[in-house]
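Letter by letter, the chains look like this.
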Amino acid sequence: MIIDHPLFGPRDASEFVYLGDASLMDRPDWKSETAAQDFHAYAYLRDNPAGPHRELWFHEGGDRSWLVITRDTVTHEITRVELARDVARKQRAPQ
Amino acid sequence: MTYSGFRVIREALRGDLGWGPAWRDADPKDHYDVVIVGGGGHGLATAHYLASRYGVTNVAVIEKGWIGGGNVGRNTTIIRSNYLLDGNEPFYEMSLKLWEGLEQDINYNAMVSQRGIINLIHSDAQRDAFIRRGNAMILNGADAELLDEAAMRREYPWLNYEDARFPIKGGLAQRRGGTVRHDAVAWGYARAADRRGVDIIQNCEVTGFRTKNGNCLGVDTSRGFIGAGKVGVAVAGNSSRVMALAGMRLPIESHVLQAFVTEGLKPILPGVITFGAGHFYVSQSDKGGLVFGGDIDGYNSYAQRGNLPVVEDVCEGGMAIMPMIGRARLLRMWGGIMDMSMDGSPIIDRTHIDGLYLNAGWCYGGFKATPASGLAFAHLLATNAPHDTAKAYRLNRFETGHMIDEKGMGNQPNLH
């Protein structure tokens, strides 16, 4: 697989380390009444789809940036690569 | 028809005209006591033990493709019970005992070969860890034997003992481990279940579960609705997809694991060898090919094929312990989809829907577990209570903190 890094262009996937579903960026609120159940779901349960999947990759053999990659788990085709910090900023921006 | 040596000779003299199909290709009935989703090793074994040990014969195994076309046909055929933790070892030791009696039980030559498995030791710390593991195995009724370097050299003189980075200092042997002809496991269990009246229904994909007031009434399939008293799901890498039809999210990620086989060679490798410093395991098939594998690719995948970096990594592992493997040509490689759980251990449990049961999370250790998984799942389906050896394999253990993390990696499925 070739990952088209937003800053470096196409890089071999072996430079990267896989973490998992990009939902791991959305930590539940620890002050919530349902925090125990929320953290169980956050830490252990996964959608695990066959098809497009948003996931976190770490450019360990490069600039050590975190990426959010949209990849098809059936074909391994990568359709979108974003810097995780951009995704996080967008999520946290006031609506 | 019972298979026997006498039957082989008789058929040979009569032009082999008396052999019939090993099982019926059944059409679905309207209702079964138990419907098992997934015609792989675990599903077929479950049907066999339901019929033979628990007297439940009104059973259907439904399979979206053909039986034995998934992971039971895509593994490296190794059987062993060299686990450390209490939640695992009694279960896998029961599995090994079932393998030992399997061929008589199902009247099928599954080529169970207890040729022994040796985990190589490369450092003092690793020897300490393997002594502990060996003792845990012995405490649970399994066999384990610590080999020093001299003993290893007697058995495997051609291993790369002098490797500067990973010298071989000994091994932990389990003599009762070995290999089994993987396809024969699927076919043998299918035939044994069929002979007791189980319907094996192929090309029948589950499209939904019908429930009423929290009870499972049956499954919608590509061949119509099939009613069921109980439904058991054993679909390995597709567990998340199938259980999503019942509204469940599982503690599972699907990952691709590759395996490899070389051209046929003269006998050189009498048992199973595993590399202790990287991830590489190898045996020699009866046809002569070296069958080997290593790590999963490490990213979510349903593709049944992997990528080249892991091929390179596996081959480096092979070259580290047996440099002569570099002279062998690779004949085939393939991938299977592993249901990697969050602690590296399986799940055999009820679900929040009454009458719907789950058998999943086998990671890349499902083949060796086939008989015990079938027996424990049959026990759960028949009695609604977990089998003694499978009590730890609960779905809610991630909520209660009772993880069975053999490798100590935490909730990171691609590291188990």
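In this text the structure is predicted, and so the values were computed from the model without any measurement. (Residues numbered from 1 in each chain as written. Chains lettered and ligands numbered in written order. Predicted model: local features only at pLDDT ≥ 70, side-chain atom pairs only at ≥ 80, totals over all residues. Heavy atoms only, no water.)

Asker: Got a sec to walk through the interface of chain B and chain A? Specific residues and values, please.
Answerer: Often the size quoted for an interface is simply the accessible area lost on bringing the parts together. The interface is formed by 25 residues belonging to chain B together with 23 residues belonging to chain A. For the pairing of chain B and chain A, the buried interface totals around 2,100 Å² over both sides, and the portion due to carbon and sulfur atoms is 50%. Together, Arg249(B), Asn300(B) and Tyr302(B) form the three largest contributors to the area buried by chain B at its contact with chain A, with a combined 30%. Linking chain B with chain A are two salt bridges. The shortest N-O distance in the salt bridge between Asp47(A) and Arg249(B) comes to 2.8 Å. Within the residue set of the side of chain B that touches chain A, elements represented by two or more residues are helix 8 (239-244), strand 12 (252-264), strand 15 (289-300) and helix 11 (397-400) of chain B. Looking at the side of chain B that touches chain A, the element that brings in the most residues is strand 12 of chain B, giving four residues. (Contact = heavy atoms within 4.5 Å. Buried area = accessible area lost by both parts, 1.4 Å probe. Salt bridge = Lys/Arg side-chain N within 4 Å of Asp/Glu carboxyl O. Helix = DSSP H or I, 4+ residues; strand = E, 2+ residues; numbered from the N terminus.)

Asker: Give me the environment of Ile296(B): which residues, what numbers.
Answerer: All names here are of chain B. Here Ile296 is to be found in strand 15. Along the chain, Ile296 and His255 lie 41 residues apart, while their C-alpha atoms are 6.7 Å from each other. Setting aside residues no more than four positions away along its own chain, Ile296 makes contact with His255, Val256, Leu257, Val310, Met338, Met340, Tyr364, Pro413 and Asn414.

Asker: Break down helix 7 (residues 182-195) of chain B for me, citing the residues and quoting the values.
Answerer: All names here are of chain B. Compared with an ideal rise of 1.5 Å per residue, which puts 14 residues at 20 Å, helix 7 spans 20 Å between its outermost C-alpha atoms and is within 8% of the ideal. Buried within helix 7 are the following residues: His182, Asp183, Ala184, Val185, Ala186, Gly188, Tyr189, Ala190, Arg191, Ala192, Ala193 and Asp194. Elements in contact with the buried residues of helix 7: helix 2 (41-53), helix 3 (89-100), helix 4 (102-106), strand 8 (199-201) and helix 10 (370-383). Directly after helix 7, the chain includes Gly197, whose backbone phi takes a positive value near 100°. (Expected span 1.5 Å × (residues − 1). Buried < 20%, exposed > 50% of the residue type's maximum accessible area, 1.4 Å probe, protein only.)

Asker: Requested: an account of the sheet that holds strand 12 of chain B, with residues and values cited.
Answerer: Residues and elements named next belong to chain B. Taking strand neighbours across the sheet as the criterion, the eight strands line up as 5-6-4-13-14-15-12-16 in an open arrangement whose pairing is mixed. In this open sheet, the two edge strands, each paired with only one partner strand, are strand 5 (145-148) and strand 16 (330-341). Averaged over neighbouring strand pairs, the angle between their axes works out to 25° when direction is ignored. Here five bridges tie strand 4 (residues 117-121) to strand 6 (residues 170-174), and the two strands are oriented antiparallel to one another. Counterpart to Asn119 in the pairing with strand 6 is Leu172. Contacts between helix 5 (residues 124-139) and the sheet are confined to strand 4, strand 5 and strand 6, with strand 4 contributing the most and set at about 150° to the helix. Across the face of the sheet, helix 9 (residues 308-321) comes into contact with strand 4, strand 12, strand 13 (272-274), strand 15 and strand 16 while running at roughly 135° to strand 15. (Pairing = 2+ DSSP bridges. Axes fitted to C-alpha atoms, helices over the stretch in contact; angles between N-to-C directions.)

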